[in-house]
Amino acid sequence: MTKFSKFRSHPSAFFADSDFRTVRNLGPPLIAALDKSEFLQGLLESPASAVVEASIPGLSCLAKSMQDRARNRRRVTLARADWPKVSVIMAAYNAEATIGRSLTSLLKQTYSQLEILVVDDASRDETVRVVEQIRKGDDRVRLLMCEKNGGAATARNLGLRESQGEYIAFLDADDSAAPERIEWQLSSLLQIGALVSVCNSKRVTRDGDRLRVNGRRFSKAVISMLFPRDPVLAEIGYMLKLTIGEDSEYFQRAIAVFGKNKVNHLFETLLSQEFSPGSLLFSHGTTSRMADRVEYQQADEMKMALDEALKLHEGIRQGTRSPYVPFAGF
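How each quantity is defined
Sequence positions are assigned chain by chain, starting from 1 and proceeding in written order. Two thresholds apply to this predicted model, a pLDDT of at least 70 for residue-level local features and 80 or more for giving and counting side-chain atom pairs, whereas whole-chain, interface and lining totals are computed over all residues. Excluding hydrogens and water, the side-chain values take into account all heavy atoms of the structure. Secondary structure is summarised from DSSP: a helix means a run of H or I of at least four residues, a strand means a run of E of at least two, and numbering begins at the N terminus for each. Each radius of gyration is computed over the set of C-alpha atoms, and the globule rule expresses the reference value as 2.2 Å times the number of residues to the power 0.38. The classification of residues rests on relative accessible area computed with a 1.4 Å probe and restricted to protein chains. Under 20% of the type maximum is buried, over 50% is exposed, and intermediate values are partly exposed. Charged-residue counts in this description rest on Lys and Arg as positive and Asp and Glu as negative, His and the chain ends being excluded. Each salt bridge in this description consists of a side-chain nitrogen of Lys or Arg and a carboxyl oxygen of Asp or Glu lying within 4 Å of one another. Whether two residues are in contact is decided by their heavy atoms, any of which lying within 4.5 Å being enough. Only buried residues count toward a nonpolar core, which is a set of Ala, Val, Leu, Ile, Met, Phe, Trp, Tyr and Cys residues joined through side-chain atoms within 4.5 Å. Centre distance within 6.5 Å is the pairing criterion for rings of Phe, Tyr and Trp, where only the six-membered ring of Trp is used; planes under 30 degrees apart are then read as stacked, over 60 as edge-to-face, and the remainder as tilted. Polar contact is the term for a pair of N or O atoms within 3.5 Å; when the atoms are in protein, one must be able to donate a hydrogen and the other to accept it, and sequence-neighboring residues count only if both atoms are side-chain atoms. Think of a 1 Å grid over the protein atoms and nothing else: a 1.4 Å probe that fits but is trapped marks a cavity, an open set flanked by protein within 12 Å on at least five of seven lines marks a pocket, and residues with an atom within 4 Å of a point count as lining. Grid points are joined across faces, edges and corners, and a volume is the space filled by probe spheres set on the points. Residues are grouped as follows: Ala, Val, Leu, Ile, Met, Phe, Trp, Tyr, Cys and Pro are nonpolar; Asp, Glu, Lys and Arg are charged; every other residue, Gly included, is polar.

1. Details of the overall build of the chain
Thinking step 1. Across its full length, the chain holds 13 helices and eleven strands.
Thinking step 2. The C-alpha radius of gyration of the chain comes to 20 Å, within 12% of the 20 Å expected for a compact globule of 330 residues.
Thinking step 3. Over its C-alpha atoms, taken along the principal directions, the chain stretches across nearly 55 × 45 × 45 Å.
Thinking step 4. Taking all 330 residues of the chain together, 48% fall into the buried category.

2. Brief notes about the side chain of Asp 175
Thinking step 1. Residue placement: Asp 175 occurs in strand β5 (residues 175–177).
Thinking step 2. Buried and without a salt bridge, Asp 175 has Arg 203 as its closest oppositely charged side chain, separated by 5.1 Å.
Thinking step 3. The contacts of Asp 175, once residues within four sequence positions are left out, are Ser 102, Ser 272, Gln 273 and Glu 274.

3. Here we look at unusual backbone geometry
Thinking step 1. Residue Asp 82 is not a glycine yet carries a positive backbone phi of 65°.
Thinking step 2. Turning to its location among the elements, Asp 82 is positioned in the loop between α6 (59–80) and β1 (86–92).
Thinking step 3. With relative accessibility at 62%, the residue Asp 82 sits in the exposed group.
Thinking step 4. Positive phi outside glycine occurs at Trp 83, with the angle close to 50°.

4. Quick word on the pattern of salt bridges
Thinking step 1. One pass over the full model with this rule turns up 20 salt bridges.
Thinking step 2. Among the ionic pairs, Glu 183 bridges to Arg 75, the shortest N-O distance being 3.1 Å. Of this pair, Glu 183 sits in helix α10 (residues 181–192) while Arg 75 sits in helix α6, and the two are 108 residues apart along the sequence.
Thinking step 3. Classification of Glu 183 as buried rests on a relative accessible area of 2%.
Thinking step 4. In this structure, the salt-bridge partner of Glu 249 is Arg 253, at a minimum N-O distance of 2.8 Å. Note that Glu 249 and Arg 253 are positioned in helix α12 (residues 246–258) at a spacing of four residues, about one turn of the helix.
Thinking step 5. For Glu 249, a relative accessible area of 1% gives the class buried.

5. Structural notes on the environment of Ser 276
Thinking step 1. Tracing the backbone shows Ser 276 in the loop between β9 (263–274) and β10 (285–289).
Thinking step 2. A C-alpha to C-alpha distance of 25 Å links Ser 276 and Leu 144, two positions 132 residues apart in sequence.

6. Examining helix α9 (residues 152–162)
Thinking step 1. Across the eleven residues that make up α9, a large majority, nine, are buried.
Thinking step 2. What α9 keeps buried is the set Ala 152, Ala 153, Thr 154, Ala 155, Arg 156, Asn 157, Leu 158, Gly 159 and Leu 160.

7. Considering the nonpolar core
If you look at soluble globular proteins, the nonpolar side chains tend to sit buried side by side.
Thinking step 1. The biggest cluster of nonpolar side chains holds 61 residues, and the ones touching the most others in it are Val 86, Ile 99, Val 118 and Met 225.
Thinking step 2. With residues up to four places along the chain from it excluded, the contact list for Met 225 reads Ile 168, Ala 169, Phe 170, Arg 181, Val 196, Ser 197, Val 198, Met 239, Asp 247, Tyr 250 and Phe 251.
Thinking step 3. Within the second largest apolar cluster, nine residues are counted, among which are Ile 244, Phe 275, Tyr 296 and Ala 299.

8. Topic: the packing of aromatic side chains
Thinking step 1. Across all of its chains, the model carries eight aromatic pairs by this definition.
Thinking step 2. Summarising the aromatic geometry, the rings of Phe 7 and Phe 14 are spaced 5.1 Å apart at their centres and angled 65° between planes, so their arrangement reads as edge-to-face.
Thinking step 3. Ring geometry for Phe 227 against Tyr 250: centres 6.0 Å apart, planes inclined by 45°, an arrangement best described as tilted. Here Tyr 250 lies in helix α12 and Phe 227 lies in strand β8 (residues 219–228), a separation of 23 residues in the sequence.

9. Section: the environment of Ser 188
Thinking step 1. On the secondary structure map, Ser 188 appears in helix α10.
Thinking step 2. With 77 residues separating them along the chain, Ser 188 and His 265 place their C-alpha atoms 9.4 Å apart.
Thinking step 3. Excluding residues within four positions of it along the chain, Ser 188 makes contact with Ser 197, Asn 264 and Leu 266.
Thinking step 4. A distance of 3.0 Å separates the side chain of Ser 188 from the side chain of Asn 264, its partner in a polar contact.

10. Quick look at the layout of surface pockets
Thinking step 1. Roughly 990 Å³ of internal volume is contained in the second largest pocket.
Thinking step 2. Considered class by class, the residues forming the lining of the second largest pocket number 13 nonpolar, twelve polar and 13 charged.

Below, the structure written as structure tokens:
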């Protein structure tokens, strides 16, 4: 993380970690002022949107004009690429309470060339019924069924194997995508010739209220990665089966093969991830919830398992280990 990115996403840590006493001393009063101002927080996260929403005479019109021009450039880029199809893979397990909202956020995308692959991981609730009901109204939604519960990586791998789009993206069954997420990520990837695009995410409650996790209002979301299907699958294959962090390992494996210069981090918050203390991530560690924030520390055994997987990437970089992970059955 660059210093500027750290300042934007976690300003309190930026000041506290400074080598300069003056900067550290300035931190507390500046953070207090920042916490009281939604506008200042918005400027750090998405400057143009914050200015537009603030209705500042002159400036808001200018910012809106800049947004419109950027949107037009995105759509010209996508038109030149002939509007490639994106397969969005959604692994789902006992997600009847949230999957309807998640799917709706995809069906409302400004980019319509989508294949939405819901992979049900042998749910025991009404997840399948909810998906079937939504499928009746939009044939872009496909439903795949796992023979038995195998975990997120197994479900995502099935989606990867069965996907038909030129590009791949992911969305979890309890998360929501901003309307322009796919359009923005795909166009930015095409514009700069990158291979993988990721965006930022925010953590929210079931009611949509924002939460800070370990002091951060937003963070880079590895699960938001979007990439061309064929070259990535040909080189690195499928996800490893880990308890948590399969997406992080896959992302880092792609970097080990293709290089950091092929990754585009789009600094826009285009993903909302629901906080649940019983979720896969937060149930494998120490989690405490306060009014508008969450403190989380990953369990040592989970961190060690992911670290061991990441160590193998050094062999990939040195050419002594193949990066390819074959598809594993159930």
